[in-house]
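# An overview of the molecular structure
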Amino acid sequence: MRKAILMLLTSVVLLSLISGCAGGSSPKTNQGAGADSEKVTIKIMDFKTEITDKIKAMAADYMAENPNVIIEAQVTGNYDTLVKTRFAAGDGPDIFMTRAYTDIQDWSERLVDLSNEPWMDKVIPSSVPGMAVDGKKFGFPLAVEGYGFIYNKDLFAQAGIDKLPTTLTELKEVNEKLKAAGILSYAEGYNSFWVLGQHLFNLPFAYEPDSEGMIDRMYKGEAQIADLQNLDGFFDVLDMTVDYGKGTDTIGLNYDNQVSEFASGKTAMIQQGVWAIDSITKINPDMNIGMFAIPLNDNPEDTKMPVGVSTYYSINKDSKAIEESKKFLTWLHENGQKYIVDSYKMIPAFTDLETTADLGPLAEDLDKYLKDEKTLIWSFQLWPSGIAEDFTVPLQAYVGEQYDKDQAIIELQSIWDQKVRK
């Protein structure tokens with residue numbers, strides 16, 4: 001099992017970054033960017049679809065400053081399947097997104113050691129364990145993230161809600177008040193695997209008093225999913241998002257759908273994170289929003305927000321443009337204030353980049369949980385690689401009323417057992 005020590009993050013928080021690969025013209029050669037007649041292509045692959053346009057703009061800026069470089073950026077929601085397919089076909093990207101701990105470890109034999117890059121001594125300390133394998137550092141940390149229920153403050157006020165819920169019972173009361181006011185509580189994007197099978201299902205794992213130890217016992221076959229102390233609370237929350245939301249139709253909604261419904265004022269809440277700020281304000285720039293942690297039981301002291309450095313950029317060791325890819329990452333760090341912070345609205349994972357008030361209310365609320373030390377780890381980073389997509393299937397079947405809770409749990413455990421045996 002992996003030694004995951006997700007330390008509470010110091011002062012920075014937020015999300016992710018950028019691009020992807022595909023399409024684009026082919027260069028004459030990938031020998032280097034020095035010759036005027038030759039171009040180097042850097043293929044970047046990314047899953048942050050919510051900032052696709054910002055990624056494209058960043059890539060265009062880099063190419064304007066470096067005319068001998070072509071950046072082919074692919075941003076896709078079907079990332080995990082596609083990136084494995086690309087590598088299997090011998091067309092792996094030069095730079096691609098990796099996740100902390102399990103994912104980095106699984107990819108480590110294909111990655112370039114970035115330990116001696118000029119920006120490495122500027123990364124926040126909490127980002128290092130998730131990208132380190134056998135003393136080598138394989139990632140460029142993008143940002144610190146957190147998620148919960150994003151809510152419409154005006155609709156809450158309209159329903160007479162003057163206190164944010166910190167227990168499961170209080171969350172039910174909030175939903176009842178919204179219902180009485182004729183306001184739909186939720187529009188969830190359960191067609192997007194990471195919304196349901198990764199972020200939401202992370203909660204009962206993260207709520208464990210010793211989350212890392214529990215997952216370690218699960219790897220060894222000494223504990224099962226049914227043993228998670230707050231599993232019932234997870235299903236209670238899942239039920240609420242369905243019963244007070246779009247019903248079974250929610251399994252047909254994706255991230256874009258749920259953000260659109262919320263930003264248009266049609267629902268009071270969505271389960272999302274700080275990364276959604278740009279997507280929301282693009283639709284409704286004056287929306288009055290906030291974010292709170294999702295409770296799974298009736299002990300308010302247990303209600304905390306999952307926070308972590310979740311994603312990194314890594315370089316393919318078989319790339320023909322390794323040096324040019326390193327130069328790109330150095331440029332991205334040097335210009336991180338402009339792109340990571342100001343453009344992507346992320347709290348950076350570098351000590352020499354500064355957070356700003358312009359990051360908005362979601363980052364501000366996340367920062368409160370950090371300062372109060374009320375954070376949880378991103379336990380899904382310790383799961384077997386790719387399992388979140390598999391978990392989504394029985395959870396969708398539960399939402400669609402094809403499985404009851406016991407059937408869903410049995411199937412979830414079967415998926416875990418199969419992944420661990422591989």
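Residues numbered from 1 in each chain as written. Predicted model: local features only at pLDDT ≥ 70, side-chain atom pairs only at ≥ 80, totals over all residues. Heavy atoms only, no water.

### Structural notes on the sheet that holds strand E1 (residues 40-46)
Short version of the rule: DSSP calls a pair of strands paired once it identifies at least 2 bridges connecting them. Secondary structure elements follow DSSP: runs of H or I of four or more residues count as helices, runs of E of two or more count as strands, with numbering from the N terminus. Two residues form a contact once any of their heavy atoms are found within 4.5 Å. Fitting a line to C-alpha atoms yields each axis, with helices limited to the stretch in contact; the angle taken between N-to-C directions then spans 0 to 180 degrees.
Overall, mixed pairing links the 5 strands, which are arranged E2-E1-E3-E12-E6 in an open sheet. Each edge of the open sheet carries a strand with a single partner, namely strand E2 (69-75) and strand E6 (140-141). Pairing geometry for strand E3 (residues 95-99) and strand E12 (residues 311-315), over 5 bridges, is antiparallel. Within E12, the residue paired with Ile-95 across the bridge is Ile-315. Contacting E1, E2, E3, E6 and E12, helix H11 (residues 322-334) crosses the sheet at an angle of about 150° to E12.

### Things to note about the environment of Trp-331
Along the polypeptide, Trp-331 turns up in helix H11. Sequence spacing of Trp-331 and Thr-241 is 90 residues, and the spatial spacing of their C-alpha atoms is 42 Å. When near neighbours in sequence (up to four residues on either side) are disregarded, Trp-331 contacts Met-58, Tyr-62, Glu-65 and Tyr-339.

### As for the pattern of salt bridges
Cut-off, in case you're wondering: Whenever a carboxyl oxygen of Asp or Glu lies within 4 Å of a side-chain nitrogen of Lys or Arg, that contact is scored as a salt bridge. Per-residue accessibility, obtained with a 1.4 Å probe over protein chains only, is compared with the maximum for each type, and a residue is labelled buried under 20%, exposed over 50%, and partly exposed between these values.
Taken as a whole and judged by the stated rule, the model has 19 salt bridges. Glu-324 is paired through a salt bridge with Lys-327; the nearest N and O atoms lie 3.9 Å apart. Of this pair, Glu-324 and Lys-327 both sit in helix H11, 3 residues apart, roughly one helical turn. Judged by its relative accessible area of 8%, Glu-324 falls in the buried class. Its salt-bridge partner being Lys-419, residue Asp-390 comes within 3.4 Å of it at the nearest N-O pair. Highlighted residues: Asp-390 in helix H14 (residues 387-399) and Lys-419 in helix H15 (residues 405-421), separated in sequence by 29 residues. The exposure class of Asp-390 is partly exposed, given its relative accessible area of 30%. When its relative accessible area of 18% is taken as the criterion, Lys-419 is described as buried. A single salt-bridge network, built from bridges that share partners, covers Lys-43, Arg-86 and Asp-91.

### Focus on empty space enclosed by the protein
Defined as follows: Two kinds of site are reported from a 1 Å grid over the protein atoms alone, namely cavities, where a 1.4 Å probe fits but cannot get out, and pockets, open sets with protein on both sides within 12 Å along at least five of seven lines, and residues are called lining when an atom falls within 4 Å of a point. Grid points are joined across faces, edges and corners, and a volume is the space filled by probe spheres set on the points. For this scheme, ten residues count as nonpolar: Ala, Val, Leu, Ile, Met, Phe, Trp, Tyr, Cys and Pro. Four count as charged, namely Asp, Glu, Lys and Arg, and the remainder, Gly too, count as polar. Marked domain ranges trace back to an automatic or database domain assignment.
Under the criterion given, the structure shown has 2 cavities of 30 Å³ or more. Empty space within the largest cavity amounts to approximately 170 Å³. Lining the largest cavity we find 16 residues, and of these Arg-99, Gln-198, Phe-380, Ser-385 and Gly-386 sit closest to its centre. Elements that contribute at least two residues to the lining of the largest cavity include exactly helix H3 (102-107), helix H6 (193-206) and H14. Sort the elements by how many residues they give to the lining of the largest cavity and H14 lands first, with 3 residues. Counted by class, the lining of the largest cavity contains 7 nonpolar, 5 polar and 4 charged residues. Lining the lining of the largest cavity are residues from two domains, each supplying at least three of them: domain 1 (40-144 + 309-364) and domain 2 (146-307 + 375-421).

### Looking at the domain arrangement of the chain
Each domain of the chain was delimited in the assignment, giving domain 1 (40-144 + 309-364) and domain 2 (146-307 + 375-421). Taking the mean C-alpha position of each, domain 1 and domain 2 sit 27 Å from one another. Counting residues at the interface gives 21 residues for domain 1 and 23 residues for domain 2. Where domain 1 meets domain 2, there are 2 salt bridges. Where Asp-278 meets Lys-54, a salt bridge forms, and the shortest distance between an N and an O atom there is 3.2 Å. Among the secondary structure elements, those contributing two or more residues to the side of domain 1 that touches domain 2 are helix H1 (52-65), helix H2 (79-88), H3 and helix H13 (361-371). Per-class residue counts for the side of domain 1 that touches domain 2 are 8 nonpolar, 4 polar and 9 charged.

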